Structure formats: C-alpha cells, structure tokens
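# Architecture at a glance
What follows is each chain in one-letter form.
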Amino acid sequence: MKIAVIGTGYVGLVTGACLSEFGIEAWCVDIDQDKVDALRRGEIPIYEPQLEELVVSNHEEGNLHFTTKMSEAVPQADVVMIAVGTPEMKTGEADLQYVFAAAEEIARHLSGYTVVTTKSTVPVGTSRAICARMKTVNPTADFDVASNPEFLREGSAVMDFMRPDRIVVGADTERAHELMQQLYRPLVLGGVHLEASNPETSELAKYAANSFLAVKVTFINEVADLCDEVVADVGAVSRSMGMDFRIAPTFLNAGPGYGGSCFPKDTKAFARMGREFGARQTIVDSVILANNRRKEMLAGKVAEACGGSVKGKNVAVLGVAFKPNTDDVRESPALDLLPGLREAGANVSAHDPKALFQVQREVDDETITYHTDLEDCISDADAVVVLTEWDDYKELEPDWLHKKMRGNTFVDFRNLYDTEEMLESGFEYFSVGRPRALYQARDGRSVALQQAAE
Ligand code: UDX
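Let me sum up the structure you'll find in this document. What you see is a predicted model; the values in this text were computed from it and never measured.

Counting across every chain of the model gives 28 salt bridges. Notably, a salt bridge pairs Arg 272 with Glu 276, separated by 3.6 Å at the nearest N-O pair. Taken together, the positions of Arg 272 and Glu 276, both in helix α12 (residues 263-276) and four residues apart, correspond to about one turn of that helix. With relative accessibility at 52%, the residue Glu 276 sits in the exposed group.

If you check the shell around the ligand, you find 19 residues, and the closest are Leu 152, Glu 154, Lys 206, Gly 259 and Lys 323. A distance of 2.8 Å separates an oxygen atom of the ligand from a polar atom in the backbone of Leu 152. Its residues placed into classes, the shell around the ligand shows 10 nonpolar, three polar and six charged.

With respect to the element layout, Thr 121 can be found in the loop between β5 (114-118) and α6 (126-137). Thr 121 sits 29 residues away from Glu 150 along the chain, and the two C-alpha atoms are 7.4 Å apart. The contact partners of Thr 121, leaving out residues within four places of it in the chain, are Thr 86, Glu 150, Lys 206, Tyr 207, Lys 265 and Asp 266.

Of all five residues in strand β9 (residues 314-318), five are buried; the element is thus mostly enclosed. In the sheet, β9 pairs with strand β10 (residues 347-351) via five bridges, with the strands oriented parallel. Looking at the pairing, Val 315 lines up with Val 348 of β10. Tracing the backbone out of β9, into helix α15 (residues 334-343) and back to the parallel element β10 gives a crossover that is right-handed. Direction of pairing for β9 relative to strand β12 (residues 383-386): parallel, over a ladder of four bridges. The residue of β12 that forms the bridge with Val 317 is Val 385.

Moving on, we come to the packing of aromatic side chains. Overall, the coordinates contain seven aromatic pairs when judged by the stated rule. For the pair Phe 251 and Phe 263, a centre-to-centre distance of 6.3 Å together with 50° between the ring planes defines the contact as tilted. Taken together, the residues span a long stretch of sequence, with Phe 251 in the loop between α11 (234-242) and α12 and Phe 263 in helix α12 at a distance of 12 residues. The exposure class of Phe 251 is partly exposed, given its relative accessible area of 30%. A relative accessible area of 13% means that Phe 263 is categorised as buried. Of the aromatic side chains, those joined through ring pairs into one cluster are Phe 410, Tyr 417, Phe 427 and Tyr 429. Across the ring face of Phe 151, the terminal group of Arg 166 is positioned such that the distance to the ring centre comes to 3.5 Å.

We now examine α15. Every buried residue of α15 is listed here: Ala 334, Leu 337, Leu 338, Gly 340 and Leu 341. All buried residues of α15 project into a common sector of 165° when viewed along the axis, lining one side. On its buried face, α15 is in contact with α14 (298-305), β9, β10, α16 (356-362), β11 (369-371) and β12. Directly beyond the C-terminal end of α15, a positive phi value near 95° is found at Gly 345.

Moving on: the nonpolar core. Of all hydrophobic cores here, the largest spans 57 residues; its most connected members are Leu 338 and Leu 341. Among the elements that make up this core, the one with the highest residue count is α14 (five residues). When neighbours within four sequence positions are excluded, Leu 338 is seen to be in contact with Val 317, Val 320, Val 348, Ala 350, Val 359, Val 363, Ile 368 and Tyr 370. Among the nonpolar cores identified, the runner-up in size contains 42 residues, and Val 5, Leu 19, Leu 152 and Ala 157 belong to it.

Each value, and the rule that gives it
Residues numbered from 1 in each chain as written. Predicted model: local features only at pLDDT ≥ 70, side-chain atom pairs only at ≥ 80, totals over all residues. Heavy atoms only, no water. Salt bridge = Lys/Arg side-chain N within 4 Å of Asp/Glu carboxyl O. Helix = DSSP H or I, 4+ residues; strand = E, 2+ residues; numbered from the N terminus. Buried < 20%, exposed > 50% of the residue type's maximum accessible area, 1.4 Å probe, protein only. Near = heavy atom within 4 Å. Polar contact = N/O pair within 3.5 Å; in protein donor to acceptor, adjacent residues only side chain to side chain. Nonpolar A, V, L, I, M, F, W, Y, C, P; charged D, E, K, R; others polar. Contact = heavy atoms within 4.5 Å. Pairing = 2+ DSSP bridges. Right-handed = clockwise from strand over helix to strand, strands pointing away. Phe/Tyr/Trp six-rings, centres within 6.5 Å; stacked < 30°, edge-to-face > 60°. Lys NZ or Arg CZ within 6 Å of the ring centre and 35° of its normal. Arc of directions from axis to C-beta. Core = buried A, V, L, I, M, F, W, Y, C linked by side-chain atoms within 4.5 Å.

Below, the structure written as structure tokens:
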C-alpha cells in the first residue's frame, strides 16, 4: 500500500514514520520547503522519543519520503491522511482553513479510488464538509472521506501509535472501511480493536475521549483543594478511587492544571459544538473555567507559601513544558506562573531540560533568567517551585538544595516529594492536596487523628 500524509507536525510525522515502519510506502507532504529539506537530512523539528531513528531508518530504506508536492504524493496513494493543524480561533472554534485548503489541493491530484482521512482532530461534520468541497473541486474523482482520529500523547506519540488502545474509523462506504482495515492490518492482527462507524461518530469519539480525560484531571485537582481544607491526603484518595476498575488509576494525579496543544483546544471546541447543536456540554464548560482559574492562581499559591508575598524574593521555577518528555509549552501552567510571579514582584529564574527556547518565545519578559544548568537556576533561591514532573527534578538532595538556596520554601505542584521527609529536612514544603497538617504531629499523634478525636 501507499499513503500520503499531509502535514509533518507531531501527528503527521509520527503517522508517516510508523506506517512506513509497517512496510507501507509513506509520502509526507509539507508546504514548508525548509522543513522538508531538514527532514530529508534526518533533522526532526520536534522532540519525540524514538521518532528520529524511525524517520532516518525508513527514509534511508526508501519507504518514507518527504516532499512539498502533492503531485508527487497523492496520485499514487491508496489513502491520503490530512494531519495539518487545527488551531483554536478566538471564539474557541477550531480553525479549519488549513484542513479545507489541503482537502481541495488533494482533490486536484486524485487518481484512482482513494480514501481521504482526517487525522487531525476536527469538529463533528467536518469530514462531510470536506467531501462536499472536494467534489466541487473535482466532480469526477473516485474517493471516499473517512474520519480516523489520532490518540497520540506528546512525549509517547510513537509508542501510542505502535500500541494503540483502539483504532477508530468513521466512513460511509464498505469500500472505504475495507481499505482502512487493510491499512491497519498489522495492528488489527496484533489484537487492536478497530471501531468502524460513520464519520460523525468517529469525530465525536475523539472529542469525547479528550474532554473526558480533561474532566478526570480537573476532578482530582478540585478534590485536592478540598483535601487541603479538610486535612486529607489526595494521593490516598486517588489511589483508593483508582482501584475501582470503573475509575482506573490513570489521570488521577493532582497538579497545577492541564495544558498542551489538545486538552485546552479540544474541550473548547467540544463545548462550542454542544452550544451549536443545542446539547450543552455543561460539565466540559465548567472544566474549562476551573482549569483556567487554577492556572491563574498558581502565583498566588507560591506567594502564600512564601509567607504572603514574593516581592523581592528569588523564585526558581523547575519545568516549563506542559508535561515531561516534550518541548511543547502550549497552554503550559508556566505561561501563567512565570508572568504571575513577575507581576507580584519576584525575581524569577526558570529551568527545563527541553523547552527553554520555546517558553522564551511565549513569555515576553527580559527580566526572567533561563538556565540550562539546574544548579545555576536554584542558586540563592528563596523558593523552589516544581511545575513539570521531569525525571531531573525527582530526586533533588535536600542537603544539596539547602546549600544552594538562600531560603527554604519548596512548592511541589506535582507531588513528587514525600511531605514528611521534606518537613524533617527543614523545608517549608507545600504540595497539592497533601496538607502539612497531616504530618505535623502533636502529642505524638497526627493532627488529623487529633481533630478526629475532638
Ligand atoms: C492528550 C491525550 O492524552 C491524547 O490521547 C490526545 O491524542 C492528545 O491530547 P497530551 O495533550 O499530549 O495528550 O498530554 P496528556 O499526557 O494527555 O496530558 C494532558 C495534560 O493533563 C497535561 O498538562 C498533563 O500535565 C495533565 N495531566 C495528565 C495531569 O495534570 N494529571 C494527570 O494525571 C494526567
């Protein structure tokens, strides 16, 4: 089989590279000549584990190609995948101009029966709209449109493609479904379920999945806030909830709020669809508000931990990527925390293993110092704040920290450290949903037990 993938962002590039690894000849198309030239040289513009070796090896073997020309990729392709960006507009709507432009350009180059699929996350009804536009551009073309959403997480996109929980395909004809079954045969033979439906079902399944994950994360974040007030341990609450197989343990780690290029965009688009079709998604509406508010309050929480104000204090922020193993800072909590600390008068330094270049483009503040060296970043800090759970930050030695820091405040927004150990090491330690009162024993009994007895 031969496929064409339009767009070489993390979805398109991972899709093309992984399908070529299955022995399918893949042509990745991008309008940016520099990007195509770099890919041909084996230079990968995004950081994704395992992606570089997959691209280089399959490009060398001659079954992964990069081009700017649809005319080279589309006519020979059995399946054409649209994997271009669907950025969020001010209104919260997904901007489909790039999807439609790609679809119309594809239509001009079709030859022979082809299935054109949307890989990008697109609002319900987009596949049908694409079909109509393509028929207008090329009335005689023999094609079907299908929805085939990706479920790739940044930082594990290759693994998620090679070992998906499921494949979802939405199409209107048996012919299209058969071709897609053939395309994913290696995964289906390996036991992966392929859910075949109509396009709207497939498009909705993607938004519903992402929105539900955002709901789950926001739920435990709000439970954590209650834990802080009633002196309970959100880690124990999360573990006991997760042991119920209907809930499952994943995505129940309380933190600073979700970010990334998907949850924020997809939840807004889903909520908007609810309004547009008269089926309000009230839960997702409230999750969007709760998550935004949470990120806006991060600087205030750091100020609270510093005794009420960070004015004139040196605050070192560890981690600016929206999550570990990626260099992506889109909608990262850092984009709220860094400016928030500056506005509150703190002297801010930041460290991240991969995302420093990206964050400096987003946070326009010359006074923030960015460090590739962790020791430099925390030297003379009055407070250290862990924002992204990179492995680099998981085992910082308390003695080493005390020696390097000027103060002793440690704010752990990812609950990486043990509260008792940090308190015993002499830190003013704060985390999410694990109040210090749980550990400040009085009369040899924890405060929680004390209160329970009262
Ligand atoms: C997500 C979906 O997981 C993926 O299936 C979809 O295709 C794209 O969107 P991604 O945005 O890469 O993937 O990140 P993910 O790992 O899902 O995390 C999303 C956000 O939730 C991050 O900000 C992360 O920090 C946060 N999160 C996740 C938590 O705060 N707690 C958790 O327990 C899990």
